[in-house]
Amino acid sequence: MTVEISARRRRDIVDALRRGVVPSNGLDALAVGLDRFIAALDDDLDRVAGGGSVFKAVRGEYGAGKTFFTRWLAERAKRRGLAAAEVQISELETPLHRMETVYRRLVEHLSTEQFAPSAFRPVLDGWIFALEEDVLATGGIAEDDAEALDRGVDELLERRLGDISRSTPAFAAALRGYRAAAAQGDHLTADGLAAWLGGQPHVASSARRAAGVKGDLDHYGALSFLRGLLTVLRDSGHRGLLLVLDEVETLQRVRSDARDKALNALRQLIDDVHADRFPGLMLVITGTPAFYDGPQGVQRLAPLAQRLATDLGPDPRWDNPRATQLRLPGFDVDALVELGRKVREVYASPAVTSRVDDAYLALLAQAVTGALGGQVGVAPRVYLKKLVADVFDRVDQFAEWDPRLHYQLTLRTDELTEVERNAAASADDIELSI
């Protein structure tokens, strides 16, 4: 199936691959081996869009495509009217046991179909606009009667904030203050309250006083703020939120006390999702098999291990895509070649299409895999970077350049990640001339 993409998206995709990173959009054009997940995941997204909540755990070795998978899923979510946010878990910048930091990163990376990160301010402004439109839709207030419209919006706002006020009065108070400051043209106060609602620390006391709120966000307040954010998203026309916690396996490398707190925080978050305390939320975590099965990961906390337990047989073909854990089997050489064909189509150069055939795509895939010690799962990033930057670009620019005659694969240590360097070190010292 051919995926229609614009020339601009083609350039964005190719440029990202040239730099060795996952593209931020247009991922349907590169998806390989994900068809079996589509029906189940679309059902989950529909459930979230209808006010439900879903949790999924994605597992895969390095190079299996976990980041690609979650960004591909985010694109599908945004096409359904959901917002999305990807948060990288790390020991220093975003520790999982400090939910106030996770919430802050969520807001910073919030995106929608219309707005790139951070889409938080457009969402807040869209929420205020939706309130005004709903008041005008009742037909009892003229559009040019500013005073009556303001009163009507205040009354509707209080009704909409009823549930938030009971669970998170500070969030509701800050929303009121934000609307009032925006209506009065007090941009400094509005900026400060938007930052406070987004979990930013050290907001000016004058802005907080204007809304009657105090202090900074803490771990438990962050969970309530997340519920408030979901309400604002829904009332501003967004049907829910896909939240991805990426690289959760980094918990294995932190101090034992911090690790135990983080695992328990994850268990609490999963329980809240399963209890529908976050209507309109799809929570996805990613990790390596060692994180799910090893002694320093999920297995360290028995209640969490029970919640994530999934029977994964020896053959990934029969994995249940509706299960809690989704296993990404990773790449083989044939999958790399198929990926190369998709990238060649996206590159959309007549010279590349005519002079870089499938046989050469396979030759390069085998050479890259061999240079990385035969570890195909580690190869996709390097393969695509070499394919675009070293081969396609030259073929497109130089009519007499032939990759079979003029190109020899080289891997420099400074262009490889730590995992890729370790794989390359395990390769035999052989000549790789292609």
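Residues numbered from 1 in each chain as written. Predicted model: local features only at pLDDT ≥ 70, side-chain atom pairs only at ≥ 80, totals over all residues. Heavy atoms only, no water.

Run through the pairing of strand β4 (residues 281-287), naming residues and quoting values.
In terms of burial, β4 is largely enclosed, as 7 of its 7 residues are buried. Where strand β1 (residues 53-59) meets β4, 7 bridges bridge the pair, whose relative direction is parallel. Note that in β4 the partner of Arg59 across the bridge is Gly287. Where strand β3 (residues 241-246) and β4 come together, 5 bridges link them in parallel fashion. For Leu243, the partnering residue across the bridge sits in β4 and is Leu283. Between the parallel pair β3 and β4, the chain is carried across by helix α12 (residues 256-274), and the sense of this crossover is right-handed. (Buried < 20%, exposed > 50% of the residue type's maximum accessible area, 1.4 Å probe, protein only. Helix = DSSP H or I, 4+ residues; strand = E, 2+ residues; numbered from the N terminus. Pairing = 2+ DSSP bridges. Right-handed = clockwise from strand over helix to strand, strands pointing away.)

So what about the sheet that holds β3? Which residues, and what values?
With parallel pairing, 5 strands are arranged side by side in an open sheet as β2-β3-β4-β1-β5. Pairing within the sheet leaves two strands with one partner each, and these edge strands are β2 (83-88) and β5 (325-327). When strand polarity is set aside, the average angle formed by the axes of neighbouring strands in this sheet is 20 degrees. The sheet contacts of helix α11 (residues 219-235) involve β2, β3 and β4, and relative to β3 the element is tilted by about 140 degrees. (Axes fitted to C-alpha atoms, helices over the stretch in contact; angles between N-to-C directions. Contact = heavy atoms within 4.5 Å.)

Got a sec to walk through the pattern of salt bridges? Specific residues and values, please.
Two side chains carrying opposite charge are able to pair once their charged atoms lie near each other. A complete count under the given rule lists 28 salt bridges for this structure. A salt bridge links Asp272 to Arg277; the nearest nitrogen and oxygen atoms lie 2.8 Å apart. Note on Arg277: relative accessible area 43%, which makes it partly exposed. Within this structure, Asp15, Arg18, Arg19 and Asp393 form a network of salt bridges that share partners. (Salt bridge = Lys/Arg side-chain N within 4 Å of Asp/Glu carboxyl O.)

Can you explain the side chain of Lys66? Please cite residues and give values.
By the element assignment, Lys66 lies in helix α3 (residues 66-79). Summary of buried charges: Lys66 has no salt-bridge partner, and the nearest side chain of opposite charge, Glu249, is 5.1 Å away. Apart from residues lying up to four places away in sequence, Lys66 is in contact with Val58, Arg59, Gly60, Glu61, Thr286, Gly287, Thr288 and Leu328. (Lys, Arg positive; Asp, Glu negative; His and termini not counted.)

How would you summarise the packing of aromatic side chains if you had to cite specific residues and measurements?
All told, the structure shown has 8 aromatic pairs when counted by the stated rule. An angle of 70 degrees between the planes, with centres 5.3 Å apart, marks the rings of Phe291 and Tyr292 as edge-to-face. Joined through ring pairs, the aromatic side chains of Tyr103, Phe171, Trp196 and Phe225 make up one cluster. (Phe/Tyr/Trp six-rings, centres within 6.5 Å; stacked < 30°, edge-to-face > 60°.)

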